[in-house]
Amino acid sequence: LQLHGLVHSKAEHRKAAPPHKLLRCGPISALISDIPHDQAADDMAPDALADWAMTHNAILTAYCADTTVVPMALGAVFSGKPAIIASLESQMDAHVAKLSALQGIQEFVVQLTPTPTRPPSQESPTSGRHFLQIQRNRRDGRHSLQKLQHAFAQSVFNQLQTPCLQTEAAGARKADTLLNCVVLIRQHDVFHLQDMARGLHQPAQDLGLDLVITGPWPPYSSAALKQPVPEVCHVAGA
């Protein structure tokens, strides 16, 4: 059996999620599913491993919209229900504490990326000097736009600091991504993110940027709750 995550004991089964079961263990319930006896991550093909990870994430995501979820590592596999219960009971206080710390907190991802740009209009130079002037103007225009884009990314990042409890880099940063943050926010403050998405959509578009806020996701970054440490989210060019 694979242990996907933990929820409160009163959580109801989510039928929309991939096949799984709820295993009640005192004040908590474990999200579990069957796994082939001979399935080993080291021997799995890349596509099969990706499918496994996506199924694990889908089960957790089905609960995190309205239920507190503590995700477990992808490879949390046990021989059976007694083994899972024994493991949970041995660290019950810690598991209950995590659920309590994450109560009413959700995780979202905020991304700011450049949109495809139209090629500049082809102005026919009338002389060699005119050609160089056209090139300089295009270069200066690109540099000016990049400065405005970086300033906008920094502004978005700064605005996240007030409502969010935690802001940190979301995985590896792509070369063209100006902002890629994972944030933890209280559920009753999510409207701040909704207001940001509405209010900053057009300004971002005007600068050739796409602002996307997605979630709620399983709070994979909740490990920081063990020992909160201030972290800086990368803002490209800042």
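For clarity, every value in this text was computed on a predicted model and none was experimentally measured.

Draft legend 1. Just the overall build of the protein chain, in detail. Of the regular secondary structure elements, the protein chain holds 5 helices and 8 strands. Looking at the protein chain residue by residue over its 238 residues, the buried ones come to 37%. Counted over contacts in the protein chain with a minimum sequence separation of 6, partners at least 24 positions apart contribute 73%. Accessible surface, the protein chain: about 13900 Å² in total, of which carbon and sulfur atoms supply 55%.

Draft legend 2. Highlighting the sheet that holds strand S4 (residues 70-71). Ordered by their spatial adjacency, 4 strands build an open sheet running S2-S3-S1-S4, and the pairing between neighbours is antiparallel. In this open sheet, the two edge strands, each paired with only one partner strand, are strand S2 (21-25) and S4. Packed on one face of the sheet, helix H1 (residues 46-64) meets strand S1 (2-8), S2, strand S3 (28-33) and S4 and runs near 10° to S1. Here helix H2 (residues 81-90) sits on the sheet in contact with S1, S2 and S3, set at roughly 50° to S2.

Draft legend 3. Region of the structure containing the side chain of glutamate 107. Residue placement: glutamate 107 occurs in strand S5 (residues 105-114). Here the side chain of glutamate 107 touches tyrosine 220 through a polar contact of 3.4 Å, landing on its backbone nitrogen. With residues up to four places along the chain from it excluded, the contact list for glutamate 107 reads Val182, Val183, Leu184, Gly215, Pro216, Trp217, Pro218, Pro219, Tyr220 and Ser221.

Draft legend 4. The arrangement of the pairing of S1 in detail. With 6 of 7 residues buried, S1 lies mostly within the body of the structure. Of the strand pairs in this sheet, S1 and S3 are connected by 6 bridges, and their pairing is antiparallel. Looking across to S3, one finds that glycine 5 is bridged to leucine 31. In this structure, S1 lies alongside S4, joined through 2 bridges in antiparallel fashion. In the sheet register, leucine 6 faces S4, and the bridge partner there is valine 70.

Draft legend 5. Fine view of the environment of isoleucine 28. Note that isoleucine 28 resides in strand S3. Remark: the alpha-carbon pair of isoleucine 28 and histidine 95, spanning 67 residues in sequence, is separated by 8.2 Å. The residues touching isoleucine 28, leaving out its near neighbours within four places in the chain, are Leu6, Val7, His8, Ser9, Leu23, Leu88, Met92, His95, Val96 and Leu99.

Draft legend 6. Quick peek at unusual backbone geometry. At the junction of glycine 215 and proline 216, the peptide bond is cis and its omega measures out at 0° in the coordinates. One can find proline 216 in strand S8 (residues 209-217).

Draft legend 7. Examining the sheet that holds S5 more closely. Taken together, the 4 strands give an open sheet; going across it, the order is S6-S7-S5-S8, and neighbouring strands pair in antiparallel fashion. Of all strands in the sheet, those bounded by a partner on one side alone are strand S6 (164-169) and S8. This sheet shows a mean twist of 20° between the axes of neighbouring strands, independent of strand direction. Bridge analysis of S5 against S8 gives 7 bridges, and the strand direction is antiparallel.

What counts, and at which threshold
Residues numbered from 1 in each chain as written. Predicted model: local features only at pLDDT ≥ 70, side-chain atom pairs only at ≥ 80, totals over all residues. Heavy atoms only, no water. Helix = DSSP H or I, 4+ residues; strand = E, 2+ residues; numbered from the N terminus. Buried < 20%, exposed > 50% of the residue type's maximum accessible area, 1.4 Å probe, protein only. Contact = heavy atoms within 4.5 Å. Areas by Shrake-Rupley, 256 points an atom, 1.4 Å probe, with all protein chains shown as cover. Pairing = 2+ DSSP bridges. Axes fitted to C-alpha atoms, helices over the stretch in contact; angles between N-to-C directions. Polar contact = N/O pair within 3.5 Å; in protein donor to acceptor, adjacent residues only side chain to side chain.

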